[in-house]
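# Structural characterization, general
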Amino acid sequence: MKPLVWLGIALVVAWGILWLGVKMAVFAVHALLLIGVVLIGWGLLHRGHADHPG
């Protein structure tokens, strides 16, 4: 019975690590999207200022 307990613990720990990895991946994808939108907005804003100097 003891090997089954250790196997169960190992599976639960592996699930937790994978779940954390998925959460981090989702966060990274959304962070990249947000950074991309900010950079696009910043680039368009500065281009607008460059068209009208002064």
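Below is a summary of the structure that appears in this document. (Residues numbered from 1 in each chain as written. Predicted model: local features only at pLDDT ≥ 70, side-chain atom pairs only at ≥ 80, totals over all residues. Heavy atoms only, no water.)

Looking now at the packing of aromatic side chains. Counted under the stated rule, the structure contains 1 aromatic pair. Relative to tryptophan 19, the ring of tryptophan 15 lies with its centre 6.2 Å away and its plane at 10°, an arrangement referred to as stacked. Taken as a pair, tryptophan 15 and tryptophan 19 lie in helix α1 (residues 2–51) at a separation of 4 residues, close to a single helical turn. Overall, the relative accessible area of 56% leaves tryptophan 15 in the exposed class. Exposure remark for tryptophan 19: the relative accessible area of 46% places this residue in the partly exposed category. (Phe/Tyr/Trp six-rings, centres within 6.5 Å; stacked < 30°, edge-to-face > 60°. Helix = DSSP H or I, 4+ residues; strand = E, 2+ residues; numbered from the N terminus. Buried < 20%, exposed > 50% of the residue type's maximum accessible area, 1.4 Å probe, protein only.)

What follows concerns a nonpolar patch on the surface. A contiguous nonpolar surface patch, about 1,000 Å² in accessible area, is contributed by Met1, Leu4, Val5, Trp6, Leu7, Ile9, Leu11, Val13 and Ile17. Relative to the assigned elements, methionine 1 resides in the segment before α1. When its relative accessible area of 76% is taken as the criterion, methionine 1 is described as exposed. (Patch = residues over 30% accessible without salt bridge, like charges linked within 9 Å, V, L, I, M, F, W, Y side chains within 5 Å. Areas by Shrake-Rupley, 256 points an atom, 1.4 Å probe, with all protein chains shown as cover. Salt bridge = Lys/Arg side-chain N within 4 Å of Asp/Glu carboxyl O.)

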